[in-house]
Amino acid sequence: MVQSAASPWPSLSAEARDLFRRGAEIVLHPRAEWIEELHEASLGGDSMRAVAEDPVLTEGTKRANLANLLHWAAANVQHPGKRVTANLNQEVLEGARDMVRRGFDSGGLDAYRRAQGVAWRRWIEICFDLTSDPVLLRELLDVSSLSITTFIEDTVAAVSERMAAERTELTRGAHAERRATVTLLLEGAPISRSRAEAQLGYPLAGPHTAAIVWSGSATPSSQQLEAAAETLMRASDASHRLTVVASAAALWVWLPGRTPPRADRLAEDLAPHPDVRVALGRPGSGIDGFRRSHLDAAATQRMLARLTSPRQIARYQDIQLLVLLTGDPGQASEFVADTLGELRHADIETRETVRAYVHELGNTTRTAERLYTHRNTVVRRLARADELLPRPLAENAVDVAVALETLRWLGSGA
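Residues numbered from 1 in each chain as written. Predicted model: local features only at pLDDT ≥ 70, side-chain atom pairs only at ≥ 80, totals over all residues. Heavy atoms only, no water.

Within an unreviewed UniProt entry, the label attached to the chain reads PucR family transcriptional regulator, and the organism entered is Amycolatopsis speibonae. As recorded by UniProt, the Sequence similarities (unreviewed entry) comment attached to the chain reads in full: "Belongs to the CdaR family." (UniProt positions renumbered as here; feature names shortened; annotations may be inferred.)

Engineer: I'm lost on the pattern of salt bridges in this one. Help?
Structural biologist: Side chains carrying opposite charge are able to pair once their charged atoms draw close together. Applying the stated criterion across every chain, the model contains 22 salt bridges. Between Asp18 and Arg22 there is a salt bridge whose closest N-O contact spans 3.6 Å. Of this pair, Asp18 and Arg22 both sit in helix H1 (residues 14–27), 4 residues apart, which is roughly one turn of the helix. Residue classification places Asp18 among the partly exposed residues on the basis of a relative accessible area of 36%. A residue is classified by how much of its surface remains accessible, and Arg22, at 37% relative accessible area, is partly exposed. A salt bridge links Arg121 to Glu37; its shortest N-O distance comes to 3.6 Å. Remark: Glu37 occurs in helix H2 (residues 32–42) and Arg121 occurs in helix H6 (residues 110–130); sequence separation between them is 84 residues. Within this structure, Glu37, Arg121, Arg122 and Glu125 form a network of salt bridges that share partners. (Salt bridge = Lys/Arg side-chain N within 4 Å of Asp/Glu carboxyl O. Helix = DSSP H or I, 4+ residues; strand = E, 2+ residues; numbered from the N terminus. Buried < 20%, exposed > 50% of the residue type's maximum accessible area, 1.4 Å probe, protein only.)

Engineer: For this particular structure, what's the right way to read the pairing of strand E2 (residues 242–247)?
Structural biologist: Extensive coverage of E2 is indicated by the burial of 5 of its 6 residues. Pairing geometry for E2 and strand E3 (residues 250–256), over 5 bridges, is antiparallel. When the sheet's bridge partners are listed, Leu242 is paired in E3 with Trp254. The turn joining E2 and E3, which pair antiparallel and follow one another in sequence, is formed by 2 residues. (Pairing = 2+ DSSP bridges.)

Engineer: Honestly, the nonpolar core in this entry has me stumped. Any pointers?
Structural biologist: A general feature of soluble globular proteins is that nonpolar side chains tend to end up buried together. By size, the foremost hydrophobic cluster in this structure holds 50 residues, and its most contacted members are Val182, Trp254, Phe290 and Leu340. With 6 residues, the top contributor of residues to this core is helix H12 (residues 286–306). Here Leu340 is in contact with Leu388, Leu389, Pro390, Val400, Ala403, Leu404 and Leu407, once residues within four sequence places are set aside. Ranked by size, the runner-up nonpolar core spans 43 residues in total, among them Leu43, Met99, Val118 and Ile126. (Core = buried A, V, L, I, M, F, W, Y, C linked by side-chain atoms within 4.5 Å. Contact = heavy atoms within 4.5 Å.)

Engineer: Would you mind showing me how to read the environment of Asn396 here?
Structural biologist: On the secondary structure map, Asn396 appears in the loop between helix H17 (375–388) and helix H18 (397–409). Separated by 308 residues in the primary sequence, Asn396 and Leu88 place their C-alpha atoms 55 Å from one another. With near-sequence residues (within four places) excluded, Asn396 lies in contact with Thr339 and Arg391.

Engineer: Would you take a moment to explain the packing of helix H16 (residues 364–371) against H17 for this structure?
Structural biologist: Axes are the key here: two packed helices are described by the angle between their axes and the distance separating the axes. Contact pair H16 / H17: the axes reach a minimum separation of 8 Å and the direction vectors enclose 105°. Here H16 is positioned roughly perpendicular relative to H17, judged by the angle of their axes. Residues Thr364, Thr365, Thr367, Ala368 and Leu371 of H16 form the contact with H17, whose participating residues are Arg375, Val378, Val379, Arg381 and Leu382. Of the residues that constitute the contact of H16 with H17, the class distribution is 5 nonpolar, 3 polar and 2 charged. (Axes fitted to C-alpha atoms, helices over the stretch in contact; angles between N-to-C directions. Parallel < 35°, antiparallel > 145°, perpendicular 65-115°, else oblique. Nonpolar A, V, L, I, M, F, W, Y, C, P; charged D, E, K, R; others polar.)

Engineer: I tried to follow the confidence of the model for the chain on my own but got confused; where do I start?
Structural biologist: Close reading of the predicted structure is inappropriate where its pLDDT is low. For the chain, the average pLDDT comes to 86, and 93% of its residues sit at 70 or higher. Model confidence for the chain, summarised as mean pLDDT per element, is weakest for helix H13 (residues 316–325) at 77 and strongest for H1 at 94. (pLDDT = per-residue confidence, 0-100.)

Engineer: Got a minute to help me understand the UniProt feature "domain: PucR C-terminal helix-turn-helix" (unreviewed entry) in the chain in this structure?
Structural biologist: Mapped onto the present numbering, the UniProt feature "domain: PucR C-terminal helix-turn-helix" (unreviewed entry) falls at residues 351–405. Along residues 351–405 the backbone is 73% helical and 0% strand, and the end-to-end C-alpha distance reaches 10 Å.

Engineer: Help me understand H1, please; the structure alone is not making it clear to me.
Structural biologist: The α-helix winds at 3.6 residues per turn, so residues separated by three or four positions along the chain end up facing the same way. The end-to-end C-alpha distance of H1 is 20 Å, a good match for the 20 Å that 14 residues give at a rise of 1.5 Å each. Taken residue by residue, H1 has Ala16, Leu19, Phe20, Gly23, Ala24 and Val27 as its buried positions. Projection of H1 onto a plane perpendicular to its axis shows the buried side chains occupying an angular sector of 135°, all on one side. (Expected span 1.5 Å × (residues − 1). Arc of directions from axis to C-beta.)

Engineer: Just to check I follow, could you spell out the packing of helix H14 (residues 329–340) against H18 for this structure?
Structural biologist: Between H14 and H18, the shortest axis-to-axis distance is 9 Å and the interhelical angle comes to 130°. When the axes of H14 and H18 are compared, the pair comes out oblique. The element H14 and its partner H18 pack so that their crossing is left-handed. Residues Ala332, Phe335, Val336, Thr339 and Leu340 of H14 pack against Asp399, Val400, Val402, Ala403, Leu404, Thr406 and Leu407 of H18. The class makeup of the residues in the contact of H14 with H18 is 9 nonpolar, 2 polar and 1 charged. (Left-handed = near helix turned anticlockwise from the far one by under 90°.)

Engineer: Before we go on, may I ask you to explain unusual backbone geometry in this structure?
Structural biologist: Excluding glycine, residues mostly carry a negative phi; peptide bonds, for their part, are mostly trans. The phi dihedral of Asp237 falls on the positive side, at around 60°, and the residue is not glycine. By secondary structure assignment, the location of Asp237 is in the loop between helix H10 (222–235) and E2. Of note, Tyr372 is a non-glycine position whose phi angle comes to about 55°, a positive value. As for its placement among the helices and strands, Tyr372 is situated in the loop between H16 and H17. Note on Tyr372: relative accessible area 78%, which makes it exposed.

Engineer: Looking at this model, I keep getting lost on the environment of Thr406. Mind explaining?
Structural biologist: Tracing the backbone through its elements, the reader meets Thr406 in helix H18. Considering only alpha carbons, one finds Thr406 and Arg195, 211 residues apart in sequence, at a separation of 43 Å.

Engineer: Whenever I open this one, the packing of aromatic side chains confuses me. Can you help?
Structural biologist: For any pair of aromatic rings, the description consists of the separation of the ring centres together with the inter-plane angle of the planes. The tally for this structure, following the rule as stated, stands at 5 aromatic pairs. Between Phe20 and Trp72 the ring centres are 5.9 Å apart and the planes differ by 45°, which places this aromatic pair in the tilted class. In this pair, Phe20 sits in helix H1 while Trp72 sits in helix H4 (residues 55–78), placing the two residues 52 residues apart along the sequence. By relative accessible area, Phe20 is classed as buried at 0%. Grouped by ring-pair contacts, the aromatic residues Phe20, Trp72 and Trp123 constitute a single cluster. (Phe/Tyr/Trp six-rings, centres within 6.5 Å; stacked < 30°, edge-to-face > 60°.)

Dropping the structure here:
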């Protein structure tokens, strides 16, 4: 039950206040497994599926979860058992703003309530470790339950109010019109091409390549994202672009043209912006191509997030097979381990030689030419690879090639 602001807040005995402070100090330095459990709960369920499938919204929700936990704990270290003010710090407000920009209502804040259940269970464990006195435990848990519930509901109410104000602001001006038109196109709504082009200021009849440009930083810079989008346009030899602000940490971009930029050239051009990442869709024509290319880019972005990939740039046509194979990161890692055995820990030259050898259909001469090395070096590396593989390469070449490609994109946890 949430405490009314007009109702007197219950007071704690000196012993219970001391326990509350000690417990809050523990929460202020949460263990990694607590945080992971908090995130899993907050992003679970059908109501949060759309948020969980968007890497930017997912990271924003995680930052808000942690911010709420630490805000409550810090307040109770200072004033144990007192009512905690709603959390309206940067992480929470940025996450809420991003949800509004993606078209979500305050239902996206269900993540806070889901996380609350996990936090409460962990807090009970802490309290039982602090004391076995039944009187103190009851006093501590009674006020704790009220404190956690009231804090979350106060925060949800305050953030919902800010979201409503943000939504009102977004309904004004050109950005809102562009965003609404793009949403209609992506959803396949019956909007005429001429009307959409007039509202977007962007031609839809020709070829398009879509991209998602986003930041992995906790404090994304809109200037940095805009600079990266401009770099992407130049690298694609495009004369103009359509850009929609998807969130504080992401831009949706469409470029006219069928030829996406080369990943290596783009990586070099984006070197001044190491926090920015880019996912590119396949080129497509007309409104269907406009939509499909964006969906490709979104699938690529999700794959990078699932695999915690360190790659800065990814093109859908380069990872289309991996998108299909890596829906479950745990199974992807297991496939890599089972297929490659010790080869997954071998030096990069050996692994790349195997990849090139399969690509060249088992021709060692062409493999040597591809790698700019001597044929005898290729033969030695392949022999070394066979020693490390669970099965000989000749018997399992396709699976080995797929596993090596997956390994290239997996993060450090693979």
